[in-house]
Amino acid sequence: MNMLSVISGFFAVNNFKKYGKLNGLDNENYFAWVGSAAAVCNSIRFVWSMATDHLSYKLVYSVLLVMQIVLNFTIPLIAESPGLYAVWISLLLLCEGGHFTLVPNVLKKIYGEKGTTLYGIAFSYTGVCSILIVILQTYLLGTTAKSYEDFFYFNGAASCVAMIILFTLFSEQKFVH
């Protein structure tokens, strides 16, 4: 479930400048500021794991997924607004960073000491996501804003699938051998 929804963060990191330019935002200084703001949002990812100290993983992760769904499906509506575009990209990166703090936290809660080992194995999803993003970009992205919007919609749909998995298959119960 995590692999599906982290794709949108990878996509935002790799393509926010290209997509912004296709929507008339063509200022290198602006993109440097957007990238910097997004990096700061990515760096405060610890807020997600702090939230799981007080709330359930399902609740925190569902908030993250809802944010990703809304951001991915609405970014085409705000892409021509420099201020809103910067906020959307920053929030997408905040969500992307959240995956890297929520997964180890929940694995530790469910599997105890084995959670660290499992995270080492589960962390490989980032490599799989990187390969998927290259393949998807190669075959889906063109030179129009529409092709990028389709990709955002795909990412929003992937987050919807992750949400379905979260509420139908995921259990936060402590694992007993």
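Okay, so let's go over this structure. Keep in mind the model is a prediction, meaning the values are calculated, not measured.

1. Observations regarding the overall build of the protein chain
Broken down by element type, the protein chain carries eight helices and zero strands. For the protein chain, the C-alpha radius of gyration of 17 Å lies close to 16 Å, the compact-globule estimate for 177 residues. Across its three principal directions, the C-alpha atoms of the protein chain cover 55 × 30 × 25 Å. Within the protein chain, the fraction of its 177 residues that count as buried is 47%.

2. Some thoughts on the side chain of Ser147
With respect to the helices and strands, Ser147 occurs in helix α8 (residues 145-168). Apart from the residues within four sequence positions on either side, Ser147 is in contact with Leu140, Leu141 and Gly142.

3. What about the packing of helix α5 (residues 82-111) against helix α6 (residues 114-122)?
Between α5 and α6, the least distance of the axes is 8 Å, while the angle of their chain directions is 140 degrees. Taken together, α5 and α6 sit at an angle that is classed as oblique. The crossing of α5 and α6 is right-handed. Across the interface between the two elements, Phe100, Val103, Pro104, Leu107, Lys108 and Tyr111 from α5 touch Lys114, Gly115, Thr116, Leu118, Tyr119 and Ala122 from α6. Classifying every residue of the contact of α5 with α6 by side-chain character gives eight nonpolar, two polar and two charged.

4. Observations concerning the state of the cysteines
Disulfide: a covalent bond formed between the sulfur atoms of two cysteine residues. Following the criterion strictly, the structure yields zero disulfides and no others. Just so you know, Cys41 is unpaired, no disulfide at all, and the nearest cysteine sulfur is the one on Cys95, 9.7 Å from it.

5. Quick word on the packing of helix α4 (residues 57-78) against α5
α5 packs onto α4 with a crossing angle of 155 degrees between their chain directions and a minimal axis gap of 10 Å. In terms of their interaxial angle, α4 and α5 are classed as roughly antiparallel. Crossing of α4 against α5: the hand is left-handed. For the contact of α4 with α5, a count of residues per class yields 18 nonpolar, five polar and one charged.

6. Examining a nonpolar patch on the surface
A surface patch of nonpolar side chains, amounting to about 410 Å² of accessible area, comprises Val40, Ile44, Phe46, Val47 and Met50. Of the residues forming the nonpolar patch, the biggest block, three residues, is contributed by helix α3 (residues 46-52). The topology assignment puts Met50 in helix α3. Under the relative-accessibility criterion, Met50 is labelled partly exposed at 45%.

The rules we used
Residues numbered from 1 in each chain as written. Predicted model: local features only at pLDDT ≥ 70, side-chain atom pairs only at ≥ 80, totals over all residues. Heavy atoms only, no water. Helix = DSSP H or I, 4+ residues; strand = E, 2+ residues; numbered from the N terminus. Rg over C-alpha atoms; globule rule 2.2 N^0.38 Å. Buried < 20%, exposed > 50% of the residue type's maximum accessible area, 1.4 Å probe, protein only. Contact = heavy atoms within 4.5 Å. Axes fitted to C-alpha atoms, helices over the stretch in contact; angles between N-to-C directions. Parallel < 35°, antiparallel > 145°, perpendicular 65-115°, else oblique. Left-handed = near helix turned anticlockwise from the far one by under 90°. Nonpolar A, V, L, I, M, F, W, Y, C, P; charged D, E, K, R; others polar. Disulfide = S-S within 2.5 Å. Patch = residues over 30% accessible without salt bridge, like charges linked within 9 Å, V, L, I, M, F, W, Y side chains within 5 Å. Areas by Shrake-Rupley, 256 points an atom, 1.4 Å probe, with all protein chains shown as cover. Salt bridge = Lys/Arg side-chain N within 4 Å of Asp/Glu carboxyl O.

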